[in-house]
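Architecture at a glance
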Amino acid sequence: MKIAMLSPYFYPHTGGTEKYVRDLSAVLIKEGHDVTVITNNLPRVKNAPAHEVLPDGIKVVRLDAVDLFYYLPVSWQFNLKMLEEYDVVHVHVPAFSFLRAVAGKIRQPVVVTYHCDVTVSEKYFGMPVPGWLIPSFEGSANLYAKNLLPKADAVYNTTSSYGETSPVLKNIPHRVIPIGIFTDKIDEAQKKLKLTPDKKNPRQILFLGRLAGNKGCDYLVKAMPGILARFPDAKLIICGDGEEKAHILDLVTQFDIGPSVTFLGTATFERLVELYYTSLVYVFPSINAWRLLASCSWKRWLTPPLSWLRIYPGQTR
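Rules behind the numbers
- Residues numbered from 1 in each chain as written.
- Predicted model: local features only at pLDDT ≥ 70, side-chain atom pairs only at ≥ 80, totals over all residues.
- Heavy atoms only, no water.
- Helix = DSSP H or I, 4+ residues; strand = E, 2+ residues; numbered from the N terminus.
- Buried < 20%, exposed > 50% of the residue type's maximum accessible area, 1.4 Å probe, protein only.
- Contact = heavy atoms within 4.5 Å.
- Areas by Shrake-Rupley, 256 points an atom, 1.4 Å probe, with all protein chains shown as cover.
- Pairing = 2+ DSSP bridges.
- Right-handed = clockwise from strand over helix to strand, strands pointing away.
- Phe/Tyr/Trp six-rings, centres within 6.5 Å; stacked < 30°, edge-to-face > 60°.
- Lys NZ or Arg CZ within 6 Å of the ring centre and 35° of its normal.
- Axes fitted to C-alpha atoms, helices over the stretch in contact; angles between N-to-C directions.
- Parallel < 35°, antiparallel > 145°, perpendicular 65-115°, else oblique.
- Nonpolar A, V, L, I, M, F, W, Y, C, P; charged D, E, K, R; others polar.
- Core = buried A, V, L, I, M, F, W, Y, C linked by side-chain atoms within 4.5 Å.

Here we look at the overall build of the protein chain
- Helix and strand content of the protein chain: ten helices and 16 strands.
- Per-residue burial for the protein chain yields a buried fraction of 44% across its 317 residues.
- Of the contacts made within the protein chain by residues no fewer than 6 positions apart, 66% connect residues no fewer than 24 positions apart.
- Accessible surface computed for the protein chain: about 16200 Å², of which carbon and sulfur atoms make up 59%.

What follows is the structure, given as structure tokens:
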């Protein structure tokens, strides 16, 4: 089949949805399908090509776009004629611009992966968001999603607990398809990098994620002075990038903990395996309820990556 993946963001924009879309597309190609990711060319400063074929065979079409508030990509280039040659259209939400454009308007089956509800962080660029704004904005977004999703031929998400508690999904027929983990690639990276128990740093703390308000990285930074008071040689590794980076850097300066905090930006897969393996703990300081629910329901699925802290090359899971 020829499959079109419509994703609001894709590499070089980095995040969980982007990796999910890439991994899923790569597996579908291995199964003999032809996959094209149609996305927005964001962030614009990366100057990614408008058309590209990735090493794993994924075709990428990037549309000129602007990113409103860092969360709402808008493009005027997308049109339904771009989808005429495809057999299936797979839309990833949020944001809803692609789904709004195709739902009930094309002949092909429309499959939706509902990654999460639209949520508003308690802060934006380090500034508090007025409390009255959050429920009104989220309520409007949820109502919008409830009207759009029934127009799709199939809707699924990745965790059962999230589907049961989401104000949107609990009212929409959907399936749950958990995210897989490429344990073979993890093992290959461990062996290649010769990661042995002596490589572990018992004082290294790892944060990995997009530096956005809802990820809560600033709370981890604020906790570091207390940690350093008990463990002066502790080190915090912050791996990721995003709109809150300047605010987090200011906090590091404010608390005078620069020598104990390292910013790595985005990292390759092998670098991520190394960081998980060598760190004592990975901290997930999310302040969004839906992320916490997803985390709890993923306990059994998260065991493999968290076990990198104690699994040695060649050992089976």
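More follows now that the structure is in view.
A closer look at the pairing of strand S15 (residues 261-265)
- By the bridge criterion, four bridges tie strand S14 (residues 235-239) to S15 in an arrangement that is parallel. Paired with Cys 239 across the strands is Gly 265, a residue of S15.
- Read from S14 through helix H7 (residues 245-254) to S15, the crossover connection turns out right-handed.

Re the packing of aromatic side chains
- For the structure on display, the rule yields five aromatic pairs.
- Aromatic pair Phe 96 and Tyr 144: ring centres 6.0 Å apart, planes at 90°, arrangement edge-to-face. In this pair, Phe 96 sits in the loop between strand S7 (88-93) and helix H2 (97-102) while Tyr 144 sits in helix H3 (residues 133-148), placing the two residues 48 residues apart along the sequence.
- Since its relative accessible area comes to 32%, Tyr 144 is described here as partly exposed.
- Ring centres of Tyr 282 and Phe 284 lie 6.5 Å apart, and the angle between their planes is 45°; on these two criteria the pair is classed as tilted.
- Three or more aromatic residues joined by ring pairs form one cluster here, namely Tyr 276, Tyr 282 and Phe 284.
- The cationic tip of Lys 2 hangs over the ring face of Tyr 86; the distance from NZ or CZ to the ring centre is 5.6 Å.
- If you follow Lys 222 out to its NZ or CZ, it ends over the ring of Tyr 219, 5.4 Å from the centre.

Quick look at the packing of helix H5 (residues 183-193) against helix H8 (residues 269-278)
- Packing of H5 against H8 brings their axes to within 10 Å, and their N-to-C directions diverge by 80°. On the basis of the axis angle, H5 is roughly perpendicular to H8. Taking contact as the criterion, the partners of Lys 185, Ile 186, Ala 189, Gln 190, Lys 192 and Leu 193 in H5 are, on H8, Phe 269, Glu 270, Val 273, Glu 274 and Tyr 277.
- Tallied by class, the residues present in the contact of H5 with H8 amount to six nonpolar, one polar and four charged.

Some thoughts on the sheet that holds strand S12 (residues 175-176)
- Reading across the sheet, the eight strands line up as S3-S4-S2-S1-S7-S8-S11-S12 and stay open at both edges, with mixed pairing between neighbours. In this open sheet, the two edge strands, each paired with only one partner strand, are strand S3 (51-53) and S12.
- Relative to strand S11 (residues 154-157), strand S8 (residues 110-114) runs parallel, the two being bridged by three bridges. Within S11, the residue paired with Thr 113 across the bridge is Tyr 156.

Overview of the nonpolar core
- Core analysis: the largest hydrophobic core is formed by 32 residues, its most contacted members being Leu 6, Leu 83, Val 91, Leu 99, Val 112, Tyr 114 and Leu 149.
- Those elements giving two or more residues to this core turn out to be strand S1 (2-6), strand S4 (59-63), S7, H2, S8 and H3.
- Setting aside anything within four residues of it in sequence, one finds Leu 99 in contact with Val 91, Val 93, Val 110, Val 112, Leu 148 and Leu 149.
- Membership of the second largest hydrophobic core comes to 16 residues, among which are Val 221, Leu 228, Ala 234 and Ile 238.

As for the environment of Gly 139
- One can find Gly 139 in helix H3.
- Taking the relative accessible area as the measure of exposure, Gly 139 reaches 36% and is therefore partly exposed.
- Expressed as a C-alpha distance, the spacing of Gly 139 and Val 168, which sit 29 residues apart in the sequence, is 9.8 Å.

By themselves these figures say nothing about function.
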